[in-house]
Amino acid sequence: VQLQASGGGLVQAGGSLRLSCAASGRTFRGYTIAWFRQAPGKEREFAAGIRWNGDSTYYKDSVKGRFTISRDVAKNTVYLQMNRLKPEDTAVYYCAADENVILSAITRSTAYDHWGQGTQVTVSS
């Protein structure tokens, strides 16, 4: 599966952005899809994830209540709605996907073999 991420940009603190991760080559059925982010000088970290089958969602504590991950089956696309953005959310955001991601590994970047190109999110104070 090939992933195409889009939707990043520059926004003021308190604003919103919606990221999209579209799949091509095959459907997302059976996959776990996640958004990771990497700020300058920091390690890549998990932000949110979703099971395509069953629609279970998972979030990093610091984004709970502000970010919402969702899927559109017809469009074979996963979204990350980001509200009440903070300067510390500034990072390059990557979508990732893989089959057979066990629950304990959902937050680990090494659990995902398929990655999209990053999209920059910059939140100004």
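What counts and what doesn't
- Residues numbered from 1 in each chain as written.
- Predicted model: local features only at pLDDT ≥ 70, side-chain atom pairs only at ≥ 80, totals over all residues.
- Heavy atoms only, no water.
- Helix = DSSP H or I, 4+ residues; strand = E, 2+ residues; numbered from the N terminus.
- Rg over C-alpha atoms; globule rule 2.2 N^0.38 Å.
- Buried < 20%, exposed > 50% of the residue type's maximum accessible area, 1.4 Å probe, protein only.
- Contact = heavy atoms within 4.5 Å.
- Areas by Shrake-Rupley, 256 points an atom, 1.4 Å probe, with all protein chains shown as cover.
- Pairing = 2+ DSSP bridges.
- Axes fitted to C-alpha atoms, helices over the stretch in contact; angles between N-to-C directions.
- Core = buried A, V, L, I, M, F, W, Y, C linked by side-chain atoms within 4.5 Å.
- Disulfide = S-S within 2.5 Å.

**As for the overall build of the chain**
Helix and strand counts for the chain come out as zero helices and eleven strands. Helices and strands appear in the chain in the N-to-C order β-β-β-β-β-β-β-β-β-β-β. Relative to the compact-globule value of 14 Å for 125 residues, the chain shows a C-alpha radius of gyration of 13 Å, a close match. For the chain, the C-alpha atoms occupy an extent of roughly 40 × 30 × 25 Å along the three principal directions. Split into buried and exposed, the 125 residues of the chain put 44% on the buried side. Partitioning the intrachain contacts of the chain with sequence separation of at least 6 by distance along the chain shows that 55% fall at a separation of at least 24. Surface summary for the chain: the accessible area is close to 6,300 Å², and the carbon and sulfur share equals 45%.

**A look at the environment of S56**
Along the chain, the position of S56 falls in the loop between β5 (45-51) and β6 (57-59). Sequence separation between S56 and V101 is 45 residues; the distance between their C-alpha atoms is 13 Å. What S56 contacts, discounting residues up to four positions off in sequence, is G49, I50 and R51.

**Focus: the sheet that holds strand β8 (residues 77-82)**
Ordered in space as β1-β3-β8-β7, the four strands form an open sheet in which the pairing is antiparallel. Looking at the sheet topology across the chains shown, the edges are occupied by β1 (2-6) and β7 (67-72). Neighbour-to-neighbour, the strand axes of this sheet turn through a mean angle of 15 degrees, independent of strand direction. Sheet topology note: the strand β3 (residues 17-24)/β8 ladder contains six bridges and is antiparallel.

**Topic: the environment of Q2**
Within the secondary structure, Q2 sits in strand β1. Residues Q2 and R26 lie 24 residues apart in sequence; the distance between their C-alpha atoms is 8.1 Å. Excluding its chain neighbours within four sequence positions, the residues that come into contact with Q2 are A22, A23, S24 and G25.

**Quick look at the nonpolar core**
Formed by 29 residues in total, the largest nonpolar core has its most connected members in F28, W35, V78, L80, M82 and Y93. Secondary-structure elements contributing two or more residues to this core are β1, β3, β4 (31-38), β5, β7, β8, β9 (91-99) and β11 (119-124). With nine residues, the next largest nonpolar core counts F46, A96, V101 and A105 among its residues.

**With respect to the state of the cysteines**
A full pass over the atoms with the stated rule returns one disulfide. The residue that forms a disulfide with C21 is C95, at a sulfur-sulfur distance of 2.3 Å. Judged by the sign of its S-S torsion, about 70 degrees, the cystine formed by C21 and C95 is right-handed. Of this pair, C21 sits in strand β3 while C95 sits in strand β9, and the two are 74 residues apart along the sequence. Residue classification places C95 among the buried positions, given a relative accessible area of 0%.

**Some words on the side chain of S20**
Counting through the fold element by element, S20 comes out in strand β3. Since its relative accessible area comes to 16%, S20 is described here as buried. Not counting residues up to four positions away in its chain, the partners in contact with S20 are Q4, A5, S6, W35, T77, V78 and Y79.

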